[in-house]
Each structure stands twice: as C-alpha cells, then as structure tokens.
Amino acid sequence: MENKYYNIKDNCRKGLIKHLLKAISSIQTIDSPFVLDAGCGTGVPAIALTLNNSANVVAVDIDTNALNQLKRKIETANLTKQITTINCSVYDLNLQENTFDIILAEGLLNEIGFRKGFQHLVKLLKRNGHFIIHDEYRNHNKKIEFIENNNCKVLDSYKLDDHVWWNDYYKGLEKEIYSPDNSDVLNLFSKELQEIRSFKKDPSQYNSIYYIIKKT
C-alpha cells in the first residue's frame, strides 16, 4: 500500500520536473556534474538529473520511508552507480567542503530555515559551482540580499505561480487520489487532500520561486 502511495505522488510530481530542468539548463555545467540533492525525498529530481544531465548524485534525506522508495527506483532503473543515498539530516552530513558542482534544494530550506540551511550547504559547493533553490515566494528581496552577502551571485530567478501548481501538480494529484483504481489507498492521502483544500481556498499562497545561484 505504501509503495502505491509513493508511486502515485511520484508520477504526479513529475509534472513539475520541467521547471527544474529549465533552471539547470540556464547554467553552464560540466559533463557528468557531481550533484548534492539535499532533502531528496523519493528522488524524482535526482533521477531526472541523472537521466537528463548524466549527473552523479548524492541524495540525502532524513525520511527513511521516502529514501527506501528512492532506493527501489534506483535499483529498478539500474542507477546504483550514479546515485548514492544517505539517510540523515543535512545538518549531520559528514562531507568535505568544496565538493559539489551543483547543490539542489527543492523545498528544503523552507523546512530547515533558509539562512541557516543556505550557509550550511553552500560550504559544500565548489567555487563557481551552482546552487539551485526552490523555495516559497516570500521575502524575495531579503533573500537575494542575504545570498549575495554570502559570496554568491543570483544569476536568475523565476516564479511558479498558483496556475502552474494547479495544472502541473495538484490537478493531477486530486484526479489520481479519487480514481476508483486507487480507492484502496485513499486513506493514506489525508495530508494531501487537506493541502488541496487549502490550495482551493487560497491559491495565492501557493507561489514558489527558483533561484539560480553561482558561488563566487
């Protein structure tokens, strides 16, 4: 049942991947970049970067169940040489500084604290490496100021508004949740259904933004 739950969410999550690939395409990357996916969840972005950008990825998450789902997908896709998983908080990572070409934080900094999380992770990024952050759209100007006061440059940013979130994620997720074929796992989606109700009540709160950042 849990596998089916994750599979449904992953399939719907893929609707947003084009926005990540757009962010990646806006930077000059080396062949087979070394990527840290911080807060990787079930690894939809990690797998996309591996398949689309020939990336080698270290995927980190504190959620054991989500990471187990990613491990199953890695084995099925024969990506064990390209993706390494670590089950811990990003604050407990024991990795060498100045290691990664790209660091990806998809929604993570909203959970662990933007400033603290940024300063912790950027140490792991090589000079002239790139930090791709997907975060809620709040305090935009203050975030840019903070980023550029920490030896980084914001190369670009772009918003995903509520129309994007509905058309590329929530609409499909709602349809899948209420599909008769998925009635056996309907009870697992209480959190997601509450989120969809909240979205419909006030779509304006569901604006997010990508920051494309270079470490100088």
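Whatever comes next refers back to the structure up there.
A few points on the structure.

What counts, and where the lines are drawn
Residues numbered from 1 in each chain as written. Predicted model: local features only at pLDDT ≥ 70, side-chain atom pairs only at ≥ 80, totals over all residues. Heavy atoms only, no water. Buried < 20%, exposed > 50% of the residue type's maximum accessible area, 1.4 Å probe, protein only. Helix = DSSP H or I, 4+ residues; strand = E, 2+ residues; numbered from the N terminus. Pairing = 2+ DSSP bridges. Right-handed = clockwise from strand over helix to strand, strands pointing away. Core = buried A, V, L, I, M, F, W, Y, C linked by side-chain atoms within 4.5 Å. Contact = heavy atoms within 4.5 Å. Polar contact = N/O pair within 3.5 Å; in protein donor to acceptor, adjacent residues only side chain to side chain. Phe/Tyr/Trp six-rings, centres within 6.5 Å; stacked < 30°, edge-to-face > 60°. Lys NZ or Arg CZ within 6 Å of the ring centre and 35° of its normal.

Another aspect to go through is the pairing of strand E1 (residues 34-38). Counting buried residues in E1 gives 4 out of 5 residues, a clear majority hidden from the surface. Sheet topology note: the E1/strand E2 (residues 56-61) ladder contains 5 bridges and is parallel. From the neighbouring strand, Phe-34 faces E2, where its bridge partner is Asn-56. Taking the sense of rotation as the criterion, the β-α-β connection linking E1, helix H3 (residues 44-53) and E2 turns out right-handed. Summarising the sheet, E1 and strand E4 (residues 100-106) pair through 3 bridges and their orientation is parallel.

Moving on, we come to the nonpolar core. In this structure, Leu-20, Ile-132, Leu-173, Phe-189 and Tyr-210 are the most contacted members of the largest nonpolar core, which totals 44 residues. Filtering out sequence-adjacent residues up to four positions away, Leu-20 remains in contact with Pro-45, Leu-49, Leu-104, Glu-106, Ile-132, Tyr-158 and Tyr-210. Leu-93, Leu-109, Val-122 and Ile-133 belong to the second-largest nonpolar core, a separate cluster that totals 27 residues.

By secondary structure assignment, the location of Asp-10 is in helix H1 (residues 2-13). Residue class for Asp-10 comes out buried when judged on its relative accessible area of 7%. Among the polar contacts listed, one links the side chain of Asp-10 to the side chain of Lys-73, at a separation of 2.7 Å.

The next thing to look at is the side chain of Asp-168. Position of Asp-168 relative to the elements: it lies in helix H8 (residues 162-177). Judged by relative accessible area, which is 17%, Asp-168 ranks as buried. Those residues within four positions of Asp-168 in sequence are excluded, and the remaining contacts are Cys-12, Gly-15, Leu-16, Lys-18 and His-19.

We now examine the packing of aromatic side chains. One pass over the full model with this rule turns up 15 aromatic pairs. A ring pair is formed by Trp-166 and Phe-199, whose centres lie 5.7 Å apart and whose planes are at 20 degrees; its orientation type is stacked. Here the residue Trp-166 occupies a position in helix H8, and Phe-199 occupies one in helix H9 (residues 190-201), the gap between them amounting to 33 residues. Since its relative accessible area comes to 5%, Phe-199 is described here as buried. Consider the rings of Tyr-170 and Tyr-206, whose centres lie 5.6 Å apart with planes at 85 degrees: the pair is edge-to-face. Of the two residues, Tyr-170 is situated in helix H8 and Tyr-206 in the loop between H9 and strand E7 (208-215); the sequence distance between them amounts to 36 residues. Across the pair, exposure class does not vary: Tyr-170 and Tyr-206 are buried alike. Positioned above the aromatic ring of Tyr-158, the side-chain terminus of Lys-22 is 4.1 Å from the ring centre.

Bear in mind that shape data such as this cannot, by itself, settle questions of function.
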